[in-house]
Amino acid sequence: ELKGPLSDFFVDFDEEAAATASIAQVHFAKLRSDGEPVAVKVACVGSKRQMLSDMRTMLRAAMVLRRLGLDGGIDLPTIMR
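Residues numbered from 1 in each chain as written. Predicted model: local features only at pLDDT ≥ 70, side-chain atom pairs only at ≥ 80, totals over all residues. Heavy atoms only, no water.

**Student:** I'd love a proper account of the packing of aromatic side chains, names of residues and values included.
**Tutor:** Inspection of the entire model under this criterion finds one aromatic pair. Measuring from centroid to centroid gives 5.5 Å for Phe-10 and Phe-13, while their planes differ by 55°, and the two rings are tilted. For the pair formed by Phe-10 and Phe-13, the shared burial category is buried. (Phe/Tyr/Trp six-rings, centres within 6.5 Å; stacked < 30°, edge-to-face > 60°. Buried < 20%, exposed > 50% of the residue type's maximum accessible area, 1.4 Å probe, protein only.)

So this is what it looks like as C-alpha cells:
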C-alpha cells in the first residue's frame, strides 16, 4: 500500500484503467524515482470483504457437493481451508 498522494510516487498516472475486474483495476504509470513505466493494481473498496464472502459461499458449495457424493473423491472443503 502506498502511504501518500500518487504524485509522491508517480510522475504520470493514467486515471483511466487499462483493465478492470470485480476486485481491482490496473492503471499504467511512470515511477517518480526513475521514470520506469509500471502497471499499478488498485484494489476496489470492500474487495477483501467481498472475497471473504465469496470464499465462504464456495466452501458451503463444496460441502454440499461432498454430501451429495459429487466431489469426485476430492476433499474440497479441506483444500479450501
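**Student:** Hey, could you go over a negative patch on the surface for me, with residue numbers and the actual values?
**Tutor:** Negative charge collects at one region of the surface, where Asp-12, Asp-14, Glu-15 and Glu-16 lie side by side. Looking at the secondary structure, you find Asp-14 in the loop between β1 (10–13) and β2 (19–20). (Patch = residues over 30% accessible without salt bridge, like charges linked within 9 Å, V, L, I, M, F, W, Y side chains within 5 Å. Areas by Shrake-Rupley, 256 points an atom, 1.4 Å probe, with all protein chains shown as cover. Salt bridge = Lys/Arg side-chain N within 4 Å of Asp/Glu carboxyl O. Lys, Arg positive; Asp, Glu negative; His and termini not counted. Charge placed at Lys NZ, Arg CZ, Asp CG, Glu CD. Helix = DSSP H or I, 4+ residues; strand = E, 2+ residues; numbered from the N terminus.)

**Student:** Report on the pattern of salt bridges, specifying residues and quantitative values.
**Tutor:** Throughout the structure, instances matching the rule amount to one salt bridge. Here Asp-75 ties to Arg-66 by a salt bridge, and the two come within 3.4 Å at their closest N and O atoms.

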